[in-house]
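# Structural description and commentary
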There are 4 protein chains.
Amino acid sequence: MIIVLRPGAGRESADRILGLIEAKGLKPLHMPGSERVVLGALGDERVLGELQLEGDPDVESVKPILAPYKLVSREMHPHDSIVRIGNMAVGGSRLAIIAGPCAVETREQTFNTAASVKKAGALGLRAGAYKPRTSPYGFSGHGPAGLDILREVGDEVGLPIVTEVMDSADVDRVAASADALQVGARNMQNFTLLRAVGRAGKPVLLKRGMAAKIDDLLLAAEYLLDAGNDQVVLVERGIRTFETATRNTLDLNAVPYIKQKTHLPVVVDPSHGTGIRDLVIPMSLAAIACGADGLLIEVHENPPAAWSDGAQSLYPHQFEALMQTLGPVAAAVGRTLA
Amino acid sequence: MIIVLRPGAGRESADRILGLIEAKGLKPLHMPGSERVVLGALGDERVLGELQLEGDPDVESVKPILAPYKLVSREMHPHDSIVRIGNMAVGGSRLAIIAGPCAVETREQTFNTAASVKKAGALGLRAGAYKPRTSPYGFSGHGPAGLDILREVGDEVGLPIVTEVMDSADVDRVAASADALQVGARNMQNFTLLRAVGRAGKPVLLKRGMAAKIDDLLLAAEYLLDAGNDQVVLVERGIRTFETATRNTLDLNAVPYIKQKTHLPVVVDPSHGTGIRDLVIPMSLAAIACGADGLLIEVHENPPAAWSDGAQSLYPHQFEALMQTLGPVAAAVGRTLA
Amino acid sequence: MIIVLRPGAGRESADRILGLIEAKGLKPLHMPGSERVVLGALGDERVLGELQLEGDPDVESVKPILAPYKLVSREMHPHDSIVRIGNMAVGGSRLAIIAGPCAVETREQTFNTAASVKKAGALGLRAGAYKPRTSPYGFSGHGPAGLDILREVGDEVGLPIVTEVMDSADVDRVAASADALQVGARNMQNFTLLRAVGRAGKPVLLKRGMAAKIDDLLLAAEYLLDAGNDQVVLVERGIRTFETATRNTLDLNAVPYIKQKTHLPVVVDPSHGTGIRDLVIPMSLAAIACGADGLLIEVHENPPAAWSDGAQSLYPHQFEALMQTLGPVAAAVGRTLA
Amino acid sequence: MIIVLRPGAGRESADRILGLIEAKGLKPLHMPGSERVVLGALGDERVLGELQLEGDPDVESVKPILAPYKLVSREMHPHDSIVRIGNMAVGGSRLAIIAGPCAVETREQTFNTAASVKKAGALGLRAGAYKPRTSPYGFSGHGPAGLDILREVGDEVGLPIVTEVMDSADVDRVAASADALQVGARNMQNFTLLRAVGRAGKPVLLKRGMAAKIDDLLLAAEYLLDAGNDQVVLVERGIRTFETATRNTLDLNAVPYIKQKTHLPVVVDPSHGTGIRDLVIPMSLAAIACGADGLLIEVHENPPAAWSDGAQSLYPHQFEALMQTLGPVAAAVGRTLA
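Before going into details, it helps to say that this report is about the structure given with it. Just so it is clear, the model here is predicted, and its values are computed rather than measured. (Residues numbered from 1 in each chain as written. Chains lettered and ligands numbered in written order. Predicted model: local features only at pLDDT ≥ 70, side-chain atom pairs only at ≥ 80, totals over all residues. Heavy atoms only, no water.)

So, about the interface of chain D and chain C. By a widely used convention, the size of an interface equals the accessible area lost when the partners come together. Counting residues at the interface gives 47 residues for chain D and 47 residues for chain C. Between chain D and chain C lies a buried interface of about 3900 Å² when both sides are counted; carbon and sulfur atoms form 51% of it. Broken down residue by residue, the surface that chain D buries against chain C is led by Gln52, Pro136 and Tyr137 of chain D, which jointly contribute 17%. Across the chain D-chain C interface, the total number found is two salt bridges. Notably, a salt bridge pairs Arg240 of chain D with Asp216 of chain C, separated by 2.7 Å at the nearest N-O pair. Linking chain D with chain C are 18 residue pairs in polar contact (both at pLDDT 80 or more). Secondary-structure elements contributing two or more residues to the side of chain D that touches chain C are α6 (191–198), α7 (214–226) and α10 (277–289) of chain D. If you tally residues by element for the side of chain D that touches chain C, the top one is α7 of chain D, at five residues. Class assignment for the residues of the side of chain D that touches chain C results in 19 nonpolar, 11 polar and 17 charged. (Contact = heavy atoms within 4.5 Å. Buried area = accessible area lost by both parts, 1.4 Å probe. Salt bridge = Lys/Arg side-chain N within 4 Å of Asp/Glu carboxyl O. Polar contact = N/O pair within 3.5 Å; in protein donor to acceptor, adjacent residues only side chain to side chain. Helix = DSSP H or I, 4+ residues; strand = E, 2+ residues; numbered from the N terminus. Nonpolar A, V, L, I, M, F, W, Y, C, P; charged D, E, K, R; others polar.)

Okay, here's the thing in structure tokens:
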């Protein structure tokens, strides 16, 4: 950590702050320059975080040297982690394609969609029983009854199931049904939920928040690992920017960047990342081309009749077409679909 | 609701969609133009929300006519609402100045800070017992023990207390101690929490999320009102933008805009909105000048020693100076401090 | 165009505004609803733009039906345009890979880099003689002397050259040397420059501004076509968002979206779009996978010695490796490199 | 400047880079830590800018210690600068209120509006003869004929005039008519224009770009001072964010922040900063409350008939009302209107 003192801060200020650094068991450095005095503090970043020097009136700025996360860091764990969700592995050479409807609406709709994505080559089934909705008047899911349908359908078609949990009180119930728990974008910094999910003993798909920097996402994952769960898949699903032509701005830069920084696998959700059905196929190809370990895609047996997210849901024949096109792109970057 | 059909969509497409509109009990309109066919659907916006026409392959775009919220709308309730938190009224001519430390650290620190802000003229006390922290290694609050300290200090100095609740499972416990519940920016779209807080029977301070449009904030408030709680104060605390000179970008435009759209009171948090101690006083004055009903300000008896948010916490003498300067600004816009 | 009147606006308001619409030769529509009166105006969007109804005190909002651009629109011109820059075609099945140093530093550096990218398979050479620099103290290019070097090197290695023009007064000089004129992100809305470049009779690469919505980019291109130049290539080069891990956020959603809306070709600049050398290769692959017609890539014979943009410049051997990997990805989406 | 080496970079890497630092005449520092080697380079920031260490493969990150600007810095020039535009001083205790129509439409419209703002207490007149327009089909101003009208009207009503210049080729013509030159948001990084305006010998109003960080704005101002012109007024006019309720997000945080960093005066444009007439008055009050040295406000004799920006233009009686309300707010923060 580098500490820049304000212009005019004298030797006593420097000595006082060097003393605070030393008192924490960190190594202090003193670098007087012509226009600013710069101090250094070297040591464990978790201890460094306790130095609240930003609030010191003699301090102009504080610049960290090390990343604020540790357990998720590739420096700690150089090899790629592979996360197992049922019989699907996320992070190896085979791509983890997870598809399904936005929400469990009826048993029939869930089954029909699941059967079609399974047939097209999906390895996992996604659908929501608990749905976060911006408006209180939207369909917010069937809850436990939805979980039951989803579990049955998953077993019937032979796909592991991924579904969202929105509240710490529901974690046990959702974990009892699902093969993996999803933490949604709006809950990425619901830290109580993160701790509960971290203790649940199930793999987790952690979605990036709409205003989350990549570092924030990695720190949210650090909560899960710190709670004892290292079966974590990160999900890029678009961030909120000034662009309104698309629902979100899919930040594919994040894919290779995250893979440099962490050993955890990354999948991309082009459905929320674009909000527009016709963009889902090209952005799926792009996601795999830049190194994503899989995709999370909304498919509905009949999108115009979907209770939510119809505009971004693929028709089953489109998902099939995507899988066809995806094969050669995957091969071009050394990955496989099957 | 206005529905624009894609170029090439013919009479049958229009008729089919007009049929869907009519089937929901809404009034359909047909407006054929030279380059696009435009349809209209008039009626209750809650029913309109069920028309998922965005997903229809013949639809180019859907444009709402009415705001998506209802109970919070000034159209429904033209007069300003006044929210009572203990003996403090938020929304009347007297400004609701709520101040205190970021977190309850010790009984002494809480008491000293509370006593100083009370003496300077604050009407409410804020401090966190449950603290959302980006990193799992940060101080996350004393929990129930912190609530007890805060309650005692509030009673001792004679100020109502406002404190954050982060999880639906903690709502009853926090509601038992606090005079008002705060929902933080990171939980603004934690809908399970919103429903639980909505049922708790205590006034709520709802903070705007870092990526929340004003409409999203109003819909989050709609959750509270829909759950039966109309004692809601909205809090502008800055949004996340590309600007990194300040911690957040305080969106004061939101203050007069929100007051046009809703009857609920609005207070401003310039501490999180700037992240820089020296900007808190000028931005407090600006907030009141543009119509805020109050302020939520971090003050610490000794900011460089604060366990969190020291860089944005005022010294007690600065808070006192703020209250002095605030008086004439308040008077200039027809408000009072006492 | 749909015009929503404010609550309370009565029949006279509607009639007055319908009169304004009719007076412009547009077709007026009257759609009274229960909570709002909605009016319509149908006709040429260029005339609609003259209706300044947003400023009317009886108007709540105005919603356009048609896109604000016309000449660039795919509706006007359904087939893909192909732009010819020297012997390179941009927009056909062969990808337009344009590479070279950020700036012309010396004849030797320009030649060495140009020779290496030519050998690796680039079809165009890029380098700046006029450099926009955030600070007045940065290297701002050699100007005309740089153009001369670039022209000579382009001829020597046999690549058409693309270079930036920053001011209307320099357009003739740059057009005399270059095969294509580049308008940089910071000048995307320098409308005097756009008109001058539009009249210059040379193909144009128009870069998206850092805060430009896709519609703004298309309207900037409309300036060029309106001035008589339809040889326009659009460049996605990243937008400015809250994410600071990368220099910009490369918005690849824009690629398929733009190709839906316009007939003009689109190339991607992953160098500025990421700002990080190690991300350039994966993002180049992603760009081609989602449909880009080419790439604009910074390569330097010795990046650590570059006078500008060294951190995002590829080494020649990296560019060669990119071209190797790109082949199969291109083939997977029906494109070729040669 | 602090240079963090990548993990694994050894003593030779450090020595090589320390050699580069020394070769530039800067003072090198070596700070080996347990997880990273950190280097320092101390000296003139203009020389530091030439060290392109970001591109070095052994370098993980580079962190500046000093601000990248110098002439505009308050450290160089501790006292507030006062800029004189005709008989108006910007930056002293008297607020510089500059008002007028978006564009010179007709002589009569310009005169009527100018007379009304003069009567209400404005000290300067603003209006555009050259208008940047997002669409090529919008009204782009009368050019030289507009300048003549504006000059005559300014003389007739007795107000100095401020008007935009969009191209370096027009600088002399605009400077011959206007009392101050305005550089618009879209041209803030048109560096050729900045250099030309810097040499023109007239005061400048420099508007912040829609995607410009405050540091970018200060560096754009540095261009003007570096070209010999220190009569520069900075204008906060809103930035582009995800919020669409308002045209831009007025970043009032920037006002006190800029005043800390620079000696140049700052005025606020709440018309573009909000885009909504009803927000202009409250945001004007807020701007003054947080320390702005003046306002730049669009007023039109009849906003619904304005050829541009009618939705954000005040009626003359509203401007008069603003001036009435502004007096006490100004007084509360130690400023005056007259």
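On we go from here.
Right, let's talk about the relation of the copies chain D and chain B for a bit. Between the two copies, chain D and chain B, the superposition gives an RMSD of 0.0 Å; the rotation angle is 180 degrees and the shift along the axis is 0.0 Å. Such a combination of turn and shift is consistent with a two-fold rotation axis. It is Ala286 of chain D whose C-alpha, among those of chain D, lies nearest the rotation axis, at 2.0 Å. A share of 100% of interface residues in chain D that are also interface residues in chain B marks the association as one of identical surfaces. (Least-squares fit on C-alpha atoms with pLDDT ≥ 70 in both.)

With 320 residues, the main nonpolar core has Phe319 of chain A, Phe319 of chain B, Phe319 of chain C together with Phe319 of chain D as its most contacted residues. Excluding residues that lie within four positions of it along the chain, Phe319 of chain A makes contacts with Ile97, Ala99, Val117, Ala120, Ala122, Ile297, Val299 and Leu314 of chain A. (Core = buried A, V, L, I, M, F, W, Y, C linked by side-chain atoms within 4.5 Å. Buried < 20%, exposed > 50% of the residue type's maximum accessible area, 1.4 Å probe, protein only.)

This paragraph deals with unusual backbone geometry. A positive phi angle, close to 60 degrees, is found at Asp309 of chain C, a residue other than glycine. With respect to the helices, strands and loops of the structure, Asp309 of chain C is situated in the loop between β14 (294–298) and α11 (316–332).

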